[in-house]
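Chains, contacts and geometry: an overview
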Amino acid sequence: MRKQIVAGNWKMNKIFSEGIELINEIKQKAGTVNQTLLVVAPPFILTTEAVKMLKDTNIGVATQNCSNKPEGAFTGEVSAQMVKSVGANFVILGHSERRAYYHETDELINEKIKISLENNLVPIVCCGEVLKERENNEHFQVVAKQIKGMFDSISSDDFKQVILAYEPVWAIGTGKTATPEQAQEMHQFIRETIKNSYGSEIASNLSILYGGSCKPGNAKELFANPDVDGGLIGGASLKADDFIAIANSF
Ligand code: 13P
């Protein structure tokens, strides 16, 4: 059976003291969450502290990015090995904001996925179309192309570690959510695409998260779909009550 997962992508929010406060609050309130893996992805400056604070809990810690290079003269970068060395176990890769503002391509994301897996990090890999692509009815094609590029020459054994997130770009931070039908049909399509490359067992064990204006008010109807295994939450993950309410929406 695949895992139910709710992950909070804090993006570039919270200074150190605010982050500590939010982690504490999530930790205190997470007791009500059953059978759902919680993951928090604060900014890099909080990774070490988050791992320490959440040590005896079952809340995982992710970073929001890592370098495609192993080490060396790459000013401003943080390697997968460094992320692992402080005890984080997950890394968000291929987020649409990194594609849009930092020119990340499927090829670069592919390198990042590989280096994360080499360092025993679980990549939470994002895909999703922009509004124009949906309007042109190209969304399936776009997502299929992203998946093909991002997972190029990644073995079945490695792919088993991966978590996917479908994040339609037009729904991110806009308050517009994909309808449960739109989410389900894309998640089903993604699972089918993975099945074609990696077989039915791997596809059926793959957790596919929905992201894009997921809130306590709409999480239930999204998570009720058979191929939606949880959420990658932006804005609503910055409030402990909302984050926990979403995690309790299965
Ligand atoms: P919002 O939940 O703020 O729309 O962000 C979604 C997202 O990008 C998570 O990675």
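Quick look at the structure, then.

Definitions and cut-offs
Residues numbered from 1 in each chain as written. Predicted model: local features only at pLDDT ≥ 70, side-chain atom pairs only at ≥ 80, totals over all residues. Heavy atoms only, no water. Buried < 20%, exposed > 50% of the residue type's maximum accessible area, 1.4 Å probe, protein only. Helix = DSSP H or I, 4+ residues; strand = E, 2+ residues; numbered from the N terminus. Pairing = 2+ DSSP bridges. Right-handed = clockwise from strand over helix to strand, strands pointing away. Near = heavy atom within 4 Å. Polar contact = N/O pair within 3.5 Å; in protein donor to acceptor, adjacent residues only side chain to side chain. Areas by Shrake-Rupley, 256 points an atom, 1.4 Å probe, with all protein chains shown as cover. Nonpolar A, V, L, I, M, F, W, Y, C, P; charged D, E, K, R; others polar. 1 Å grid on protein atoms, 1.4 Å probe; cavity = no way out; pocket = protein on both sides within 12 Å on 5 of 7 lines; lining within 4 Å. Points joined across faces, edges and corners; volume = space filled by probe spheres on them.

Here strand E4 (residues 90–93) shows a buried face lined by Phe90 and Ile92 and a second buried face lined by Val91 and Leu93. Pairing of strand E3 (residues 59–63) with E4, which is carried by 2 bridges, proceeds in the parallel orientation. Within the sheet, the bridge partner assigned to Thr63 lies in E4 and is Val91. For the crossover that starts at E3, traverses helix H3 (residues 80–85) and ends in the parallel E4, the hand is right-handed. Summarising the sheet, E4 and strand E5 (residues 122–127) pair through 4 bridges and their orientation is parallel. The partner of Val91 across the bridge, within E5, is Pro123.

Moving on, we get to the site of the ligand. Around the ligand, a shell composed of 13 residues is seen, among which Lys11, His95, Gly173, Ser213 and Gly235 lie nearest. Contact distances for the ligand include 2.8 Å between an oxygen atom and a backbone N or O atom of Gly235. Coverage of the ligand by the protein amounts to 96% of the 310 Å² it exposes when considered alone. Of the residues that constitute the shell around the ligand, the class distribution is 4 nonpolar, 7 polar and 2 charged.

Our focus in this paragraph is unusual backbone geometry. One non-glycine residue, Lys14, adopts positive backbone phi at about 85 degrees. Inspection of the secondary structure puts Lys14 in the loop between strand E1 (4–9) and helix H1 (16–29). Despite not being glycine, His103 has its phi angle at roughly 55 degrees, a positive value. The topology assignment puts His103 in the loop between helix H4 (96–102) and helix H5 (106–118).

The subject of this paragraph is the layout of surface pockets. Of the voids in this model, the largest pocket is the one considered here, and its volume is about 430 Å³. Lining the largest pocket we find 13 residues, and of these Lys11, Met12, Gln64, Arg98 and Tyr102 sit closest to its centre. The greatest single-element share of the lining of the largest pocket, amounting to 4 residues, is contributed by H4. By residue class, the composition of the lining of the largest pocket is 6 nonpolar, 4 polar and 3 charged. For the second largest pocket, the calculated volume is near 340 Å³. If you trace the second largest pocket, you find 17 residues lining it, with Lys3, Lys160, Gln161, Val162 and Asn205 closest to the centre. If one sorts the elements of the lining of the second largest pocket by residue count, helix H10 (residues 200–205) sits on top with 3 residues. Here the residues of the lining of the second largest pocket are counted per class, giving 10 nonpolar, 3 polar and 4 charged.

Before going further, it helps to spend a moment on empty space enclosed by the protein. Applying the stated criterion across every chain, the model contains 1 cavity of 30 Å³ or more. Here the largest cavity defines a volume of roughly 30 Å³. As for the largest cavity, its lining consists of Gly94, His95, Ser96, Arg99, Cys126, Cys127, Gly128, Gln146 and Glu167. Of the residues belonging to the lining of the largest cavity, the class tally is 2 nonpolar, 5 polar and 2 charged.

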